[in-house]
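Observations on the three-dimensional arrangement
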Amino acid sequence: MKVRIFDTTLRDGEQTPGVALSPTQKFDIAKKLDALGVDAIETGFPVISDGEMQAIKMITKENFNAELCGLARTDKKDIDLIVDSGLKYVHTFIATSDIHLQYKLKITRDEALAKAIDAVEYAKSRGLQVEFSAEDATRTDRDFLNKVFGQVAKAGADRIDIPDTVGYATPAYIAQITKDAIATTKLPVSVHCHNDFGLAVANAISGIQAGAQCAHVTINGIGERAGNASLEEFVMALQCLQFDKKYETNINTKLLYETSKYISNQVGVHVQRNKAIVGENAFGHESGIHTHGVLSNPLTYEPIGPELVGRTRWLQVGKHAGAHGISAMLNDYGIDPTREQTHKILEKVKNLGDQGKQVTDVELLSIAGDVMKDTTFKRIVHLTGFSVSTGIGNMPYAFVKLEIEGKEFVATDHGVGPVDASLNAIQKITGEIAEVRIKEYKLDSIAGGSNALCEVTIKVEDASGNVAAAKSIGEDIVTTSVQAMIEGINRIMLKKIVKQKKSERQS
Ligand code: MN
C-alpha cells in the first residue's frame, strides 16, 4: 500500500520554539522537500505575517510535484488568504476537546461544530481542496469527535486529519479513532502525531495500520514542544520493518540524510547524536564486538545499510575498540601492522579512552607510527599553546604554538577577527612545512544563547591540489576553529603520506 507523506516542516516544524525562517529560506526548503519526494507540503499559515504570505506566494509560483497546502482557522479571513496566496488546498482546523473549547475558544461544542461546517462549505465554495483537522482530537469526547467528522464530511471535506495535538494518544487509541473516522466519513484519513511521550512515530504507524492513508510528519521530527513524528523514522520504519501488509512511499530515501542536515542548518536545530536514521551515531561503531561483527557482515549490528538513507558507515576507535576494528581502519590508510603491533596500538588507544579522551583517526595513525617505529607519521601537527586577544579599537591578534616532529614552532599574526588572526598564525607555520591553505571555512551556530555550541567545517588544500575536510564542535568559536584547522592540516598531510607509501610499495 502506498502511504501518502504530508510534510509539515514549513508549518508545524517552523513552530519549533526559537525557529523563524525568511521567505527565501522557506522557498529553498520547499525545493528540498519536493526533491525528496513528499506528496504534500504544508507551506505555512498565511495569516500570521506578511513574510509568511510572501514565502507561500513564492512557493506556489514554482512548479512543484508535491501538492501545496496552507493552514487556516475556520475563519473566512484565513480561508480567503489561502486563496490569495495562490494555494488550492487548505488545511483548516478547529479545536474540539472540552479543554480547548472551554479555556481557549470559550465556545460550546455546538458552536464549534457549526464553525467547522461553515468553514468547510466556504472553502469548498472558493474552489479549494479541504483537509479538516479536529484539533486535540485525541482528548475530544469520542462520540462528539465522530459527529464532527461526519458533519464536515457531509459539508464537502475531501480529507480528514486526526491531530494528536499534545501527544496524548496510545497506539491502540489512535487505531480506534482512525477506524471510527474512516467508517463515519469514508474519506481518506491522515494522522498528525506529536512526540510528547516519544510515541509520535509509533502512533502514526498505528494509524496507518488501522487504515489511515497519510501521516503528517516533519524532517528531523521538529515541531512544537517535543516535536512531530519524524519523516525519516516513519518512512524507513514503514519500508523496512515487518508488517502484515507491504507499505511504500514516494520518498527517495537516499536523500534523507542530506535533507536532514540541510534542514538542521537552515532552522538551527541540531540533531541529537543518537537520533534514529539521521543522528551522527546511527551508523557508527566503536565497541570491539560490534566492529568485528560489522566487518564480517554489516547485518550483524545494522538493521539496514547506511547507503539506503544516503550515509556511510564509520568506525571509531576508543576504549571499547578491538583488534579487528583497529587493523581494518589502519588498512584503509595502507598500513599493515603485525598482530603484535596491533595489540600494542590497541593498548595505547584503550589507555587514552580510559582517560576519557576521544581518539580520532589522525591520532590513531600517530600512535601506529610510534608503535611501528614508522617515522613517516611524525609529521602530525599538535597544538601545544594558543592565545588570542580581540576587542574594539585594537587589532585582533593571535599567538600559536605547534609541535611538529618533536620540534616546537611559534607564530603570531593579526586578522580581521580572532578566528582570522588564529588561522593566519597557524598558516604562517604550516605554510612552510606543508603549504596548506584554507579553501573553505564554514561556521554554524547550533541554536541557543551565548553559550550555544558552534560547528566549524574547514576545507584545506595543499600545493599539489589535495583537499581534506575537517569538522569540529565546541563552545568557543575561536578554539573550535583552530581545532578544525589543525585536524584538516593533519588529514591532508596524512593523505600525502599514504599516497607516498602506496606508490613506494608499488615500485
Ligand atoms: Mn501540530
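What you see is a predicted model; the values in this text were computed from it and never measured.

Focus on the nonpolar core
Counting residues in each nonpolar core, the largest one holds 84 residues, and the members touching the most others are Val38, Phe132, Leu231 and Phe234. The dominant element in this core, judged by the number of residues it contributes, is helix H5 (residues 109–125), at 8 residues. Excluding residues within four positions of it along the chain, Val38 makes contact with Ile5, Asp7, Leu33, Ala66, Leu231 and Ile251. Core analysis: the second largest hydrophobic core is formed by 23 residues, Val381, Leu402, Ile426 and Val436 among them.

A look at the coordination of the manganese ion
For the manganese ion, the full set of protein donor atoms is Asp12 (OD), His192 (NE2) and His194 (NE2), at a range of 2.0 to 2.3 Å. Each donor residue of the manganese ion belongs to the same chain, with the gaps between them written as D-x179-H-x1-H. Of this pair, Asp12 sits in the loop between strand S1 (4–7) and helix H1 (23–36) while His194 is found in the loop between strand S7 (189–193) and helix H8 (200–209), placing the two residues 182 residues apart along the sequence.

Focus: the pattern of salt bridges
Tallied over the full model, the rule gives 24 salt bridges. Between Glu52 and Lys26 there is a salt bridge, and its shortest N-O distance comes to 3.0 Å. On the criterion of sequence distance, the pair formed by Glu52 in helix H2 (residues 50–61) and Lys26 in helix H1 is long-range, its members being 26 residues apart. The class for Glu52 is buried, based on a relative accessible area of 5%.

Focus on the sheet that holds strand S4 (residues 89–95)
The sheet built from 8 strands closes into a barrel, its strands ordered S1-S2-S3-S4-S5-S6-S7-S8 with parallel pairing. Averaged over neighbouring strand pairs, the angle between their axes works out to 25° when direction is ignored. Bridging between S1 and strand S2 (residues 40–44) involves 2 bridges; their strand directions are parallel. The residue bridging Asp7 from the neighbouring strand is Ile41, located in S2. The sheet strands contacting helix H3 (residues 76–84) are strand S3 (67–73) and S4, and the helix crosses S3 at an angle near 160°.

Some words on the sheet that holds strand S12 (residues 397–404)
Strand order in this open sheet of 3 strands is S11-S12-S13, and the pairing throughout is antiparallel. Unpaired on one side and paired on the other, strand S11 (381–389) and strand S13 (407–414) mark the two borders of the sheet. Ignoring which end each strand starts from, the neighbouring axes of this sheet average 15° apart. As judged from the 8 bridges shared by S11 and S12, these two strands associate in the antiparallel manner. Looking at the pairing, Ser389 lines up with Tyr397 of S12.

Comments concerning the packing of helix H11 (residues 288–296) against helix H12 (residues 323–332)
At a minimum axis separation of 7 Å, H11 and H12 run at an interaxial angle of 55°. As summarised for this structure, H11 and H12 are arranged oblique, according to the angle between their axes. Contact residues: H11 offers Thr291, His292 and Leu295, while H12 offers His324, Gly325 and Ala328. Broken down by class, the residue content of the contact of H11 with H12 amounts to 2 nonpolar, 4 polar and no charged.

Examining the packing of aromatic side chains
Per the stated rule, a full pass over the model turns up 5 aromatic pairs. Judged by centre distance (6.3 Å) and plane angle (45°), the ring pair of Phe27 and Phe64 falls under tilted. Here Phe27, found in helix H1, pairs with Phe64, found in the loop between H2 and S3; they are 37 residues apart in sequence, far enough to count as distant. With respect to class, Phe27 is no different from Phe64; both count as buried. Seen in terms of ring centroids, Phe243 and Tyr247 are 5.4 Å apart; in terms of plane orientation they differ by 75°. Their pairing is edge-to-face. When its relative accessible area of 3% is taken as the criterion, Tyr247 is described as buried.

Here's the deal with the packing of H12 against helix H14 (residues 361–371)
Where H12 contacts H14, the two axes come as close as 11 Å, and the packing angle between them is 95°. When the axes of H12 and H14 are compared, the pair comes out roughly perpendicular. Facing H12, whose interface residues are Ile326, Met329 and Leu330, H14 presents Asp361, Leu364, Leu365 and Ala368. Of the residues in the contact of H12 with H14, the class split is 6 nonpolar, no polar and 1 charged.

Quick notes on the domain arrangement of the protein
Taken domain by domain, the protein holds domain 1 (4–267), domain 2 (284–374) and domain 3 (381–506). For domain 1 and domain 2, the distance between their C-alpha centroids amounts to 44 Å. If you look at the interface, domain 1 gives 7 residues, while domain 2 gives 6 residues. Buried area between domain 1 and domain 2, both sides added, is near 550 Å², and the carbon and sulfur share of it is 65%. Among the residues domain 1 hides against domain 2, the three largest losses belong to Met236, Lys254 and Tyr257. Together they make up 68% of the total. Linking domain 1 with domain 2 are 0 salt bridges. Where domain 1 meets domain 2, there are 3 residue pairs in polar contact (both at pLDDT 80 or more).

Rules used in this analysis
Residues numbered from 1 in each chain as written. Predicted model: local features only at pLDDT ≥ 70, side-chain atom pairs only at ≥ 80, totals over all residues. Heavy atoms only, no water. Core = buried A, V, L, I, M, F, W, Y, C linked by side-chain atoms within 4.5 Å. Buried < 20%, exposed > 50% of the residue type's maximum accessible area, 1.4 Å probe, protein only. Helix = DSSP H or I, 4+ residues; strand = E, 2+ residues; numbered from the N terminus. Contact = heavy atoms within 4.5 Å. Donors = N, O, S within 2.8 Å, 3.2 Å for Na, K, Ca; no water. Salt bridge = Lys/Arg side-chain N within 4 Å of Asp/Glu carboxyl O. Pairing = 2+ DSSP bridges. Axes fitted to C-alpha atoms, helices over the stretch in contact; angles between N-to-C directions. Parallel < 35°, antiparallel > 145°, perpendicular 65-115°, else oblique. Nonpolar A, V, L, I, M, F, W, Y, C, P; charged D, E, K, R; others polar. Phe/Tyr/Trp six-rings, centres within 6.5 Å; stacked < 30°, edge-to-face > 60°. Domains from an automatic or database assignment. Buried area = accessible area lost by both parts, 1.4 Å probe. Polar contact = N/O pair within 3.5 Å; in protein donor to acceptor, adjacent residues only side chain to side chain.

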